[in-house]
Amino acid sequence: MTVLLNIIKSKILRVLFLSVIFIIPAYAGTIPIDRLVKELKVVDATLISFPNGLFFINKGSSSGVRKGELWTIFSAGDPVEDPATGKSLGFFQIPIGEAKITSIAENFSQVSIKLLDKSKKIKSGMAAKRFDKVDILFQDSDGLHFSDYEILRTKLPNLNWKAYLDDENKFKDSGTYRGILVTVLKDRLTLWCAGEVLAVCELEEKPLSSIHYLGTDSLQSKAPHIIPEQLLLPGIRTPGLSREAALQSYDFVTTFNELIYNFKICTINDEPYYIYLTKQALYAQRTDGSKRFQYTYDGFGDVVGASLGEDGLIALNILVQYKGMESQVLRFENNKFNLIADNIHYILGFFDMDGNGDSESLIGQEYNQENFYGINTSLFKIEKNSIKRMEKLFLPSGFELFGSFLTDLDGNGKNEVGFYNSGSILNIYEDGEKKWSFSSPMGGSLQSFSISLSDDEAILRDIFVWSEPAVIDMGDKKGLALVTNQSRLISRIVGGNPDTGGVGILLADKNGKFFLNSIDINFQGPVQSVFFYNGMLYCLVIEGNFFSKITKSHLITFSLDSFIAALNQKATDVKNNQ
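Remember, predicted model here, so these are calculated numbers, not experimental data. (Residues numbered from 1 in each chain as written. Predicted model: local features only at pLDDT ≥ 70, side-chain atom pairs only at ≥ 80, totals over all residues. Heavy atoms only, no water.)

Peer 1: How should the overall build of the protein chain be read in this particular structure?
Peer 2: Within the protein chain, the regular secondary structure consists of six helices and 42 strands. Taking as baseline every contact in the protein chain between residues at least 6 positions apart, the subset at least 24 positions apart corresponds to 56%. Total accessible area on the protein chain is roughly 27,300 Å²; 50% of this is exposed by carbon and sulfur atoms. (Helix = DSSP H or I, 4+ residues; strand = E, 2+ residues; numbered from the N terminus. Contact = heavy atoms within 4.5 Å. Areas by Shrake-Rupley, 256 points an atom, 1.4 Å probe, with all protein chains shown as cover.)

Peer 1: Just checking my understanding: could you explain unusual backbone geometry for this structure?
Peer 2: Even without glycine at this site, Asn-269 takes up a positive phi of about 55 degrees. Structurally, Asn-269 can be placed in the loop between strand 17 (262-268) and strand 18 (271-277). For Asn-269, a relative accessible area of 54% translates into the label exposed. (Buried < 20%, exposed > 50% of the residue type's maximum accessible area, 1.4 Å probe, protein only.)

Peer 1: Looking at this structure, how should I read the pattern of salt bridges?
Peer 2: Any two side chains of opposite charge can pair, given that their charged atoms come close. For the coordinates displayed, the defined rule picks out 19 salt bridges. The partner of Arg-178 in a salt bridge is Glu-98, and the shortest N-O contact between them spans 2.5 Å. Separated by 80 residues along the polypeptide, Arg-178 in the loop between strand 11 (160-165) and strand 12 (180-185) and Glu-98 in strand 7 (residues 94-104) bring together distant segments of the chain. In this structure, Lys-279 engages Glu-202 in a salt bridge whose closest nitrogen and oxygen atoms are separated by 2.7 Å. Of this pair, Lys-279 sits in the loop between strand 18 and strand 19 (282-286) while Glu-202 sits in strand 14 (residues 196-202), placing them 77 residues apart in sequence. On the accessibility criterion, Lys-279 (43% relative accessible area) is partly exposed. Classification of Glu-202 as partly exposed rests on a relative accessible area of 22%. (Salt bridge = Lys/Arg side-chain N within 4 Å of Asp/Glu carboxyl O.)

Peer 1: Just checking my understanding: could you explain the nonpolar core for this structure?
Peer 2: If you look at soluble globular proteins, the nonpolar side chains tend to sit buried side by side. Core analysis: the biggest nonpolar cluster contains 39 residues, and Phe-372, Leu-401, Phe-402, Trp-436, Phe-449 and Leu-506 have the highest contact counts within it. Counting residues in each nonpolar core, the second largest holds 26 residues, with Ile-136, Tyr-149, Leu-156 and Leu-159 among its members. (Core = buried A, V, L, I, M, F, W, Y, C linked by side-chain atoms within 4.5 Å.)

Peer 1: Please clarify how a negative patch on the surface should be interpreted in this entry.
Peer 2: Taken together, the side chains of Asp-142, Asp-166, Asp-167 and Glu-168 present a region of like negative charge at the surface. Mapped onto the fold, Glu-168 is located in the loop between strand 11 and strand 12. (Patch = residues over 30% accessible without salt bridge, like charges linked within 9 Å, V, L, I, M, F, W, Y side chains within 5 Å. Lys, Arg positive; Asp, Glu negative; His and termini not counted. Charge placed at Lys NZ, Arg CZ, Asp CG, Glu CD.)

Peer 1: When you look at the sheet that holds strand 10 (residues 135-140) in this model, what are you seeing that I'm missing?
Peer 2: In any sheet, the strands associate via hydrogen bonds between backbone groups, in a parallel or an antiparallel arrangement. Pairing within the open sheet is mixed, and its five strands lie in the order 11-10-12-13-14. Looking along the sheet, the strands with just one partner apiece sit at the ends: strand 11 and strand 14. Strand-to-strand, the axes of this sheet are offset by a mean angle of 15 degrees, without reference to chain direction. Running over the sheet, helix 3 (residues 146-155) touches strand 10 and strand 11 and is turned about 180 degrees from strand 11. (Pairing = 2+ DSSP bridges. Axes fitted to C-alpha atoms, helices over the stretch in contact; angles between N-to-C directions.)

Peer 1: Looking at this model, I keep getting lost on the confidence of the model for the protein chain. Mind explaining?
Peer 2: Detail in the predicted coordinates should be disregarded across regions flagged by low pLDDT. Averaged over all residues, the pLDDT of the protein chain equals 79, while 79% of them reach at least 70. Taking the mean pLDDT of every element in the protein chain, the minimum, 30, falls on strand 15 (residues 225-226) and the maximum, 95, on strand 26 (residues 346-351). Scored below 50 in pLDDT, residues 1-28 shows 53 contacts in the model against residues more than four places distant or in partner chains. Here residues 206-248 scores under 50 on pLDDT; set against residues more than four positions off or in separate chains, the count is 123 contacts. (pLDDT = per-residue confidence, 0-100.)

Peer 1: Any chance you could explain the pairing of strand 31 (residues 416-420) here in plain terms?
Peer 2: Residues in a regular strand point their side chains to alternate faces of the sheet. Among the five residues that make up strand 31, five are buried, leaving the element largely enclosed by the rest of the structure. Pairing analysis gives three bridges linking strand 30 (residues 405-407) to strand 31, with the strands arranged antiparallel. Paired with Phe-405 across the bridge in strand 31 is Gly-418. Of the strand pairs in this sheet, strand 31 and strand 32 (residues 426-430) are connected by four bridges, and their pairing is antiparallel. Paired with Gly-418 across the bridge in strand 32 is Ile-428. Counted between consecutive antiparallel strands, the loop separating strand 31 from strand 32 contains five residues, among which Ser-424 sits at a positive phi close to 65 degrees.

Here it is, written out as structure tokens:
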């Protein structure tokens, strides 16, 4: 099975067709310095020589070795002595050969070697160093990244920096150049080495210092009153969603100058933190902006979503091509991310099953090679340094974990199970029987990927990483706040991601009948996350779409009391008019 996280083969023609009609604005970002420094850092290994002329190093895929990497082979060289004391200071290593990784096993890799000095002989036990004394070129298509080039030179002195090129007519052929190439084309950076692609990444957006922060107190009290149109224009409503109650405004908290996929506020060691996932990494950030901590997944899979629990718990869903799920559970505490468990072969999510407002229950759904979601779902228990599978959950056929919920909405003592099916329709079941289904498909999430349903990669299914709903405690029964996004026709053609969004409240009346009410504020950009913190309902609104480059994520908050009061007033007005 193949995971393709950006433009997939079956959609290329659609994008090319639309690019003839629409002009997509140019974009210039910032080179991801820290990632490149990590990608090109020196790694030590030992050379292994076989009698039949084969050579290996004692590092493989488990150490992050990749095909095409260039390693320098060193002889021990002459001893260096301190003339004042006569003591040996070590040996001056002499580079005698250049090795290229040609194939990789888990704990070793085969290399081809080119001798720099033909009078020398290659022997087992010689030192091998990755990216040490290797030639490197920096190719900049728009000429805007010379300062990044200078910073990289100072941070990577181990490399032989050759030139900064900003004339595309002088660019080296990336497929034949023997050294390392850093090539920047529009909004994308590609890292080449000896004709192989080592990494591809989008340019970063504005730096952290450009974000507007609010302190701890700002989360306890409302920010200045803002009319929606002052921040974003009204958007298109989800078809079939009735407008039951009106709120004329919301309260603005802060803006992040990047696209955020999953977001929550957690109190950790008596301090509030933003916990969120971006394209680059997972972050824990003090709400006053004073500190930010990062966790980067360095494995071979794709991070296809994060589920954020309470007390700093995070489930990171990781899909590895041709293998399946290798998910992780982490906990942020003591100013660092601690790995509790990894290589978990389940799709994971945190749930508020008891309706107390805390996402305390970890549920895992088996991976299925045919359609991603398997039929077996289990409850897990998190212990100090591990997780344990406890009991199997009996859920409706077709259950899909992303965006689902288990809570008692009608107050009858039984949890309803709600989930989006493959047609993006929200369904609610109880005891295996369907109780309610929304009339129209929802618009999905900006977080999505595609899988091939067979060996034919042209047959694909889009998997939406639906935003997690937030359970509302209403006494003897529960409500649910969830995202109500909508995709325009053009967006559905090019990728299916939504353009506009809002927030809906799912409730059950005294007869157990379900209805979905809209908070009467709709945005030009989609909503990515919705959650409760300190009795307030928060949501994260994304500014931008497929054609206008996404650059901002706005955190705003509503008064749930005001919404419930508006609903009660609506019910009173209906009763008085009867």
